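Fold and contact review
Single-letter residue listing:
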Amino acid sequence: MSDGREPQAGAVVARRRFLGLLGALLGGLGVTLGTTSGATRQPEADVPRERPLKEADFYRPHDLAG
Amino acid sequence: MTAVTCELCPRACVIPEGAAGDCRVRVNLGGKLRATTYGRPSAVHIDPMEKKPLYHFHPGSRIFSLGTAGCNLHCLNCQNWQLSQRGGDEVEQTYRAEPAEVVAAAKGEGCRSIAYTYSDPVVFYEYVEDTATLARAAGLTNVFVTAAYINREPLRRICRVLDAAHGDLKGFDDGFYRRVSGATLKPVLDALVTFREEGVWLEVINLVIPTLNDDLAMIRRMARWMVAELGADTPLHFSRFSPQYRMRNLPPTPVETLVRARAEALDAGLRYVYIGNVRGDTGSSTVCPRDGTLLIGRSGFTITANHLTADGRCPTCNDKIPGVWQ
Ligand SMILES: [Zn+2]
């Protein structure tokens, strides 16, 4: 079984590692992305904004199944 | 670089260091498996119990419902693909919600239950376990809404803190599971049996997709299997398909098909068979199998009548109606 109880920092680390690897790979291959801002230069830019639970609107209509 | 094997679901992903499993959210960090969405739900809502759908479990109540990114199935027709087919850093929004905060919020809103749902709670297993443990201690009940693609040992363990499960049985054909969901049938059947063995209240849903799993002979085999392995009192919900995600080439299920499927399942011996996801109240009422007395009337997610006695019996014949009513 896994231990998922200390993932908060872990998730970010994993993502940075992945982006770092991706960036190195793309850079190494000379691949140009559609935007020059570069995922590796601003790693936080596309991280979803984490909001405290108290900011959630539990009664907002939604179309999720289940 | 140490690879780890995730033993949670039948995929048994071997995950290299720095990479994620097939579900996108269980990763190998330094040789340890981590659940990246722990405490990070991306959908949190309060829904009617009837929406899960559970029809024999606290009818008419509201249930605090949450789900995280990721899923261990990849159904071509997934309605929740924007949540389930994305990793934790790809979804539009995420909340910080430690287990104690979830329980406090649910209680604060007057809910008696928490549902782990929307994606598949299998992939946020540790979050479910910790939250459900606290919830139970606080007097709340726990509902697991799942495709039931999980190994037996972790399922048995999580069942200790579950009160009800809503299990998806997507079709009674292994080839269908492989083609449409990227999974296999046998582990799902085993998991449904495990819920029953562990005393978790179980209702089963079958989404009927035109031409793919609407063969009445197959539906009959499925119903017979349910009678034999889960018991004739296990509610079965036939749900209407609507085209979405990567399955837009098929039409919505005709209501007539659902009506025929329901008749087939009743004829095979199941005693509580419902039709869902349709307008009106066709096949949505609970009636006494012995004398036909209307027990619970429903329209959409609304209870329109409840004639069950206080201890969950038919008022006409006094038979006990299976479910968790109080
Ligand atoms: Zn009766």
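This is a predicted model, so every value here is computed, not measured.

A word on the overall build of chain B. Across its full length, chain B carries 8 helices and 16 strands. Over its C-alpha atoms chain B spans a radius of gyration of 19 Å, differing by no more than 12% from the 20 Å that the globule rule assigns to 326 residues. With the C-alpha coordinates aligned to their principal axes, the bounding extent of chain B is approximately 65 × 45 × 35 Å. In chain B, buried positions account for 59% of the 326 residues. Contacts in chain B between residues far apart in sequence, at least 24 positions, make up 65% of those at least 6 positions apart. Here chain B displays about 12,300 Å² of accessible surface, and carbon together with sulfur accounts for 48% of that area. Across chain B, the mean location of the 37 positive side-chain charges is 1 Å away from that of the 35 negative side-chain charges.

A word on the packing of aromatic side chains. All names here are of chain B. Scanning the entire structure with this criterion turns up 8 aromatic pairs over all chains. Between Phe172 and Trp225 the ring centres are 6.1 Å apart and the planes differ by 45 degrees, which places this aromatic pair in the tilted class. Of the two residues, Phe172 sits in the loop between β10 (164-168) and α5 (174-181) while Trp225 sits in helix α7 (residues 216-229), which places them 53 residues apart along the sequence. The class for Phe172 is buried, based on a relative accessible area of 16%. Aromatic ring contacts, followed pair by pair, group Tyr38, Phe124 and Tyr127 into a single cluster. In this structure, Arg298 is placed above the aromatic ring of Tyr55, and the distance from its NZ or CZ to the ring centre is 4.0 Å.

We now examine the sheet that holds strand β16 (residues 302-306) of chain B. Whether parallel or antiparallel, the strands of a sheet pair through hydrogen bonds between backbone atoms. Residues and elements named next belong to chain B. Read from one edge of the open sheet, 3 strands run β14-β15-β16, paired in antiparallel fashion. Looking at strand neighbours, the two that pair on one side only are β14 (286-287) and β16, the edges of this open sheet. With 4 bridges joining them, strand β15 (residues 294-299) and β16 adopt antiparallel strand pairing. By the bridge assignment, Ile296 is partnered in β16 with Asn306.

Another point: the coordination of the zinc ion. Think of it this way: four donors in a tetrahedron around the metal ideally sit 109.5 degrees apart, and six in an octahedron ideally sit 90 or 180 degrees apart. Residue and element names in this part refer to chain B. Around the zinc ion, the protein contributes the donor atoms Cys288 (SG), Asp291 (OD), Cys314 (SG) and Cys317 (SG), which lie 2.2 to 2.3 Å from the metal centre. For the zinc ion, all donor residues lie on one chain, and their spacing in sequence is C-x2-D-x22-C-x2-C. Residue class for Cys314 comes out buried when judged on its relative accessible area of 1%. Exposure remark for Cys317: the relative accessible area of 23% places this residue in the partly exposed category.

Here we take up the interface of chain B and chain A. Facing the 47 residues of chain B at the interface are 31 residues of chain A. Between chain B and chain A, roughly 3,600 Å² of surface is buried when both sides are summed, and carbon and sulfur atoms account for 53% of that area. On the chain B side of the contact with chain A, B:His45, B:Tyr95 and B:Arg96 bury the most area, a combined 17% of that side's loss. Close ionic contact of B:Arg40 with A:Glu50 constitutes a salt bridge, the shortest N to O distance being 2.9 Å. At the junction of chain B and chain A, the tally comes to 15 residue pairs in polar contact (both at pLDDT 80 or more). Residue contributions to the side of chain B that touches chain A peak at 5 residues, all from strand β5 (residues 43-48) of chain B.

Our focus in this paragraph is the pairing of β10(B). Regular strands place their side chains on alternate faces of the sheet. All names here are of chain B. Among the 5 residues that make up β10, 5 are buried, leaving the element largely enclosed by the rest of the structure. Of the two faces of β10, both are covered, the one formed by Ala164, His166 and Asp168 as well as the one formed by Ala165 and Gly167. As for the winding sense of the linkage, the β-α-β connection from strand β9 (residues 141-146) through helix α4 (residues 152-159) to β10 is right-handed. Taken together, the 5 bridges between β10 and strand β11 (residues 201-208) define a ladder with parallel strand orientation. Paired with His166 across the strands is Glu203, a residue of β11.

Rules behind the numbers
Residues numbered from 1 in each chain as written. Chains lettered and ligands numbered in written order. Predicted model: local features only at pLDDT ≥ 70, side-chain atom pairs only at ≥ 80, totals over all residues. Heavy atoms only, no water. Helix = DSSP H or I, 4+ residues; strand = E, 2+ residues; numbered from the N terminus. Rg over C-alpha atoms; globule rule 2.2 N^0.38 Å. Buried < 20%, exposed > 50% of the residue type's maximum accessible area, 1.4 Å probe, protein only. Contact = heavy atoms within 4.5 Å. Areas by Shrake-Rupley, 256 points an atom, 1.4 Å probe, with all protein chains shown as cover. Lys, Arg positive; Asp, Glu negative; His and termini not counted. Charge placed at Lys NZ, Arg CZ, Asp CG, Glu CD. Phe/Tyr/Trp six-rings, centres within 6.5 Å; stacked < 30°, edge-to-face > 60°. Lys NZ or Arg CZ within 6 Å of the ring centre and 35° of its normal. Pairing = 2+ DSSP bridges. Donors = N, O, S within 2.8 Å, 3.2 Å for Na, K, Ca; no water. Buried area = accessible area lost by both parts, 1.4 Å probe. Salt bridge = Lys/Arg side-chain N within 4 Å of Asp/Glu carboxyl O. Polar contact = N/O pair within 3.5 Å; in protein donor to acceptor, adjacent residues only side chain to side chain. Right-handed = clockwise from strand over helix to strand, strands pointing away.

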